[in-house]
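In case you want the letters, here they are:
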Amino acid sequence: MKHETIKNYVIASLPKAGEAISKTLTDYHVAATQLLAMTLIVFSSLLITYPAHAENRPVIRPKIGLALGGGGARGAAHIGVLKVLEEENIPVDYLVGTSAGALIAALYSGGICPEELESYILSGAIKKVYKTNVSIFRALFIYLNKAIHIVSGRPFYAGLYNDHKLHHFVNQLVSNEDGSIEINVPLHIIAVDLITGLPVVIKSGDVGLAVQASTAIPSLRQPIPIEGQLLIDGGVVNNIPIEEAKKMGADIVIAVNVDSKLEESKPEDFKSFVGVITRVITLGLRAQSQYVLDKADIVISPNLAGVGILDLDEKSLTKAIEAGEEEARRLVPKIKKKLAERESALRLAESL
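Residues numbered from 1 in each chain as written. Predicted model: local features only at pLDDT ≥ 70, side-chain atom pairs only at ≥ 80, totals over all residues. Heavy atoms only, no water.

Visitor: Sorry, what's going on with the overall build of the protein chain here?
Guide: Counting secondary structure elements, the protein chain contains 12 helices and eight strands. Of all 352 residues assigned to the protein chain, the portion counted as buried reaches 40%. Taking contacts inside the protein chain between residues at least 6 apart in sequence as the whole, the part at least 24 apart equals 77%. Of the roughly 19,900 Å² of accessible surface on the protein chain, 60% is carried by carbon and sulfur atoms. (Helix = DSSP H or I, 4+ residues; strand = E, 2+ residues; numbered from the N terminus. Buried < 20%, exposed > 50% of the residue type's maximum accessible area, 1.4 Å probe, protein only. Contact = heavy atoms within 4.5 Å. Areas by Shrake-Rupley, 256 points an atom, 1.4 Å probe, with all protein chains shown as cover.)

Rendered as structure tokens:
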């Protein structure tokens, strides 16, 4: 009888116990669901707010200065270098150039992309405005031109060429429709004042005229009068303007050296005026580069064997562009490593 009573009690209690357990499970499920919901809300808020916080953080990146050296037709190698830098998303924050480097720097700073630069170079457009043929007729023209200047009372300065075709060509390419000139990358151009014998840094004003002055090879082109100065090719005293790039604010200076290697010449190479002046210019540029290149963080020296400073034919120019591209591509890992190192140093300095 006792066992029967217990049995009936247990059986009667089972539904109530089940209801209690069910209620407990339900309450637990609701609590768990609420907790999960709260967790998702908090996590979602973190995901939403973090990018906004990241955007407010200042971007720390080393400023890159590109120093483009002079070298006549060999300067076409600068175009190949610029092509690689753009492909690798390596920015250029400052540009400074001498002679041929000034020409490429000015056009690139004015918004002309490397592909367009290559087209202008290979099509002969630049050769047309910077013609440097040396002949007896050109020499005779100097005396005629001098006589005209004396009669008109205008000053005359020595040089086979005195036109301003390059000057106007550069300004035409970098000008807006309204005639204003817009420079996208800070630009400095190097020339030399014949009067003082000192280098001159042109930071503003007529860009085309500055390029004309910086590319005025002594004897081949007449000096350019600017603000009381008589300016000629900057390569005479500062062919690879590394220090100027640093003064502009560059954390890293990439120098592009287009000087030719000093090799022994043959006596017959100097039977022409071009042969002599080419050799003189080459010797002067070579002597300079030995003392300044170690001041750059990265030096790009394309293999330009066989390309002379006055070799403006399409084959030579193509070779120069390809050489610049090849050497720049070889040094990309080194450039990116230097960028990473300098960026880490800047971040460390900021955190102190």
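Anyway, onward from the coordinates.
Visitor: Hey, could you run me through helix H8 (residues 207-214) in this one?
Guide: Residue pairs three or four apart in sequence face the same way in an α-helix, which turns once every 3.6 residues. Counting buried residues along H8, eight of its eight residues qualify, which places the element largely inside the surrounding structure. Taken as a whole, H8 has its buried residues at Val207, Gly208, Leu209, Ala210, Val211, Gln212, Ala213 and Ser214. Measuring from the side-chain oxygen of the N-cap residue of H8 to the backbone nitrogen of Gly208 gives 3.1 Å; that N-cap residue is Asp206. (Polar contact = N/O pair within 3.5 Å; in protein donor to acceptor, adjacent residues only side chain to side chain.)

Visitor: Got a minute to help me understand the pairing of strand E3 (residues 187-193) in this structure?
Guide: Counting buried positions along E3 gives seven out of seven residues, so the element sits mostly inside the fold. Across the two faces of E3 the burial is the same, with Leu187, Ile189, Ala191 and Asp193 and His188, Ile190 and Val192 all buried. With four bridges joining them, strand E2 (residues 94-98) and E3 adopt parallel strand pairing. Paired with Val96 across the bridge in E3 is His188. Two strands pair when backbone bridges link them, and E3 and strand E4 (residues 199-202) are joined in this way by four bridges, in the antiparallel orientation. Its bridge partner being in E4, Ile190 is matched across the sheet by Val201. Here E3 hands over to E4 after five residues, with Gly197 in that stretch at a positive phi of 80 degrees. One ladder, built from three bridges, connects E3 with strand E6 (residues 229-233); its direction is antiparallel. Bridging from a neighbouring strand, Val192 pairs with Ile232 of E6. (Pairing = 2+ DSSP bridges.)

Visitor: Any chance you could explain helix H11 (residues 314-330) here in plain terms?
Guide: The end-to-end C-alpha separation of H11 is 24 Å, in line with the 24 Å expected for 17 residues at 1.5 Å each. For H11, the set of buried residues is Ser316, Leu317, Ala320, Ile321, Ala323, Gly324, Glu325, Glu327 and Ala328. Looking at the buried residues of H11, the elements they touch are helix H2 (77-87), helix H4 (114-122), strand E8 (298-300) and helix H12 (332-351). (Expected span 1.5 Å × (residues − 1).)

Visitor: When you look at the environment of Thr196 in this model, what are you seeing that I'm missing?
Guide: For Thr196, the position within the fold is in the loop between E3 and E4. Spatially, the C-alpha atoms of Thr196 and Leu230 are 9.0 Å apart, while their sequence positions differ by 34 residues. Separated by 3.3 Å, the side chains of Thr196 and Asp193 make a polar contact. A polar atom in the side chain of Thr196 sits 3.2 Å from the backbone nitrogen of Leu198.

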